[in-house]
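Next come the chains, spelled out residue by residue.
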Amino acid sequence: MSDPTRTSQSTRHATGPAGAAARTPAAAVAPTIRRPLAATFRALITAAALTGLLLAANDAAPAALLSRFTVQANLAAALVFACSAHRVWTGRRAVSPRLTGALLPFLFLPALLHYAFPAADSTAFALLHATAPTVTQALSHQLLYALTPLAALADWLLLTAPRGFRPACAWQWPAYPLLYLAFTFAFPAAAGAPSPSAALALAIGLAGCLLPLIVIGIDQVRPAPRLRRNRISPTGIGPLK
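Quick summary incoming for the structure in this document.

Procedures and definitions
- Residues numbered from 1 in each chain as written.
- Predicted model: local features only at pLDDT ≥ 70, side-chain atom pairs only at ≥ 80, totals over all residues.
- Heavy atoms only, no water.
- Axes fitted to C-alpha atoms, helices over the stretch in contact; angles between N-to-C directions.
- Helix = DSSP H or I, 4+ residues; strand = E, 2+ residues; numbered from the N terminus.
- Parallel < 35°, antiparallel > 145°, perpendicular 65-115°, else oblique.
- Left-handed = near helix turned anticlockwise from the far one by under 90°.
- Contact = heavy atoms within 4.5 Å.
- Nonpolar A, V, L, I, M, F, W, Y, C, P; charged D, E, K, R; others polar.
- Buried < 20%, exposed > 50% of the residue type's maximum accessible area, 1.4 Å probe, protein only.
- Patch = residues over 30% accessible without salt bridge, like charges linked within 9 Å, V, L, I, M, F, W, Y side chains within 5 Å.
- Areas by Shrake-Rupley, 256 points an atom, 1.4 Å probe, with all protein chains shown as cover.
- Salt bridge = Lys/Arg side-chain N within 4 Å of Asp/Glu carboxyl O.
- Expected span 1.5 Å × (residues − 1).
- Core = buried A, V, L, I, M, F, W, Y, C linked by side-chain atoms within 4.5 Å.

## Quick notes on the packing of helix α7 (residues 97–116) against helix α8 (residues 135–159)
Here α7 crosses α8 at 140°, and the two axes come no closer than 9 Å. On the basis of the axis angle, α7 is oblique to α8. Judged by the sense of rotation from one axis to the other, the crossing of α7 with α8 is left-handed. For the pair α7 and α8, the contacting residues are L104, L107, F108, P110, A111, H114 and Y115 in the first and H141, Q142, Y145, A146, T148, P149, L150, A152, L153 and W156 in the second. Of the residues in the contact of α7 with α8, the class split is 13 nonpolar, four polar and no charged.

And the structure:
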């Protein structure tokens with residue numbers, strides 16, 4: 001038979017402060033912090049990327065459009081920022097910095113090639129080339145080459161904590177651009193564009209490797225955003241909690 005005295009003491013111990021803390025839900029200990037302004041900004045980035053993609057789709061077949069690196073990078077940005085906006089709106093855990101950080105070199109690589117290497121516009125890293133682009137195409141270029149990358153940069157600098165990237169990202173992030181570059185050499189018809197020259201391919205490869213290093217280097221030295229500094233998660237660079 002059980003000892004009533006011990007049973008009573010156990011009951012009192014379980015109902016004491018320690019027992020009450022053990023039964024307290026985690027949400028009651030750490031209240032959810034939602035940031036509607038950050039969520040709205042990320043939703044606008046998603047809208048800008050999707051608008052640019054829809055405008056680009058007016059004059060191109062879906063298969064030809066999806067084979068372009070610019071389109072793939074902006075489509076990934078739209079998906080990731082939409083997920084990030086939802087998470088910061090609901091106060092959930094941030095998207096992995098390994099994923100959000102990869103968007104920066106992915107978005108800026110075609111933008112850099114477009115503005116610094118005009119010859120790259122004929123490659124699969126650019127949108128479908130047009131000698132005299134229409135107003136719709138010009139607007140699409142501005143959204144995909146300028147607005148979305150700059151907005152992603154602002155989001156990183158103003159709404160995320162520094163020192164969230166890991167050294168392994170320096171070789172992980174260039175992997176896809178380099179594989180894509182190799183694909184355009186091996187299957188130019190499938191990429192829907194001529195193979196880049198050796199010099200241009202070298203420039204693309206170097207840019208694809210240097211951009212992640214630049215992003216990681218800046219992330220290690222940049223200060224934390226001043227606004228609501230105490231609400232920035234110390235782990236990762238994801239959305240502010």
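What follows picks up the thread again.
## Focus: the side chain of T148
Relative to the elements of secondary structure, T148 occurs in helix α8. Judged by relative accessible area, T148 falls into the buried class, the value being 0%. What T148 contacts, discounting residues up to four positions off in sequence, is I45, A48, A49, N74, L107 and L143.

## Observations regarding unusual backbone geometry
Here the phi dihedral of R163 falls at roughly 60°; this positive angle occurs in a residue that is not glycine. By the secondary structure assignment, R163 is in the loop between α8 and α9 (169–172).

## Here's the deal with a nonpolar patch on the surface
The grouping of L157, L158, L202, L206, L210, L213, I214 and I218 at the surface amounts to a nonpolar patch, some 740 Å² of accessible area in total. Secondary structure elements with two or more residues in the nonpolar patch: α8 and α12 (198–221). At six residues, α12 tops the list of elements feeding residues into the nonpolar patch. Looking at where L202 falls in the secondary structure, it is placed in helix α12. On the basis of relative accessibility, which here comes to 55%, the residue L202 falls in the exposed class.

## A few points about the pattern of salt bridges
Throughout the structure, instances matching the rule amount to two salt bridges. With a closest N to O distance of 3.3 Å, R222 and D219 form a salt bridge. Here R222 matches D219 in class, with each residue buried.

## Description of α7
End to end, α7 covers 28 Å across 20 residues, agreeing with the expected 28 Å (1.5 Å per residue, within 8%). Within α7, 14 of the 20 residues are buried, which leaves the element mostly enclosed by the surrounding structure.

## Here's the deal with the nonpolar core
Proteins that are soluble and globular tend to have nonpolar side chains buried together. F69, L109, F125 and W173 are the most contacted members of the largest nonpolar core, which totals 34 residues. Taken together, the elements giving at least two residues each to this core come down to α6 (69–90), α7, α8, α10 (175–186) and α12. Sequence-distant contacts of L109, defined by excluding residues within four places in its chain, comprise F69, F125, P177, I204, A207, G208 and L211. A56, A60, V71 and L127 belong to the second largest nonpolar core, which has nine residues in total.

Geometry only, nothing functional implied.
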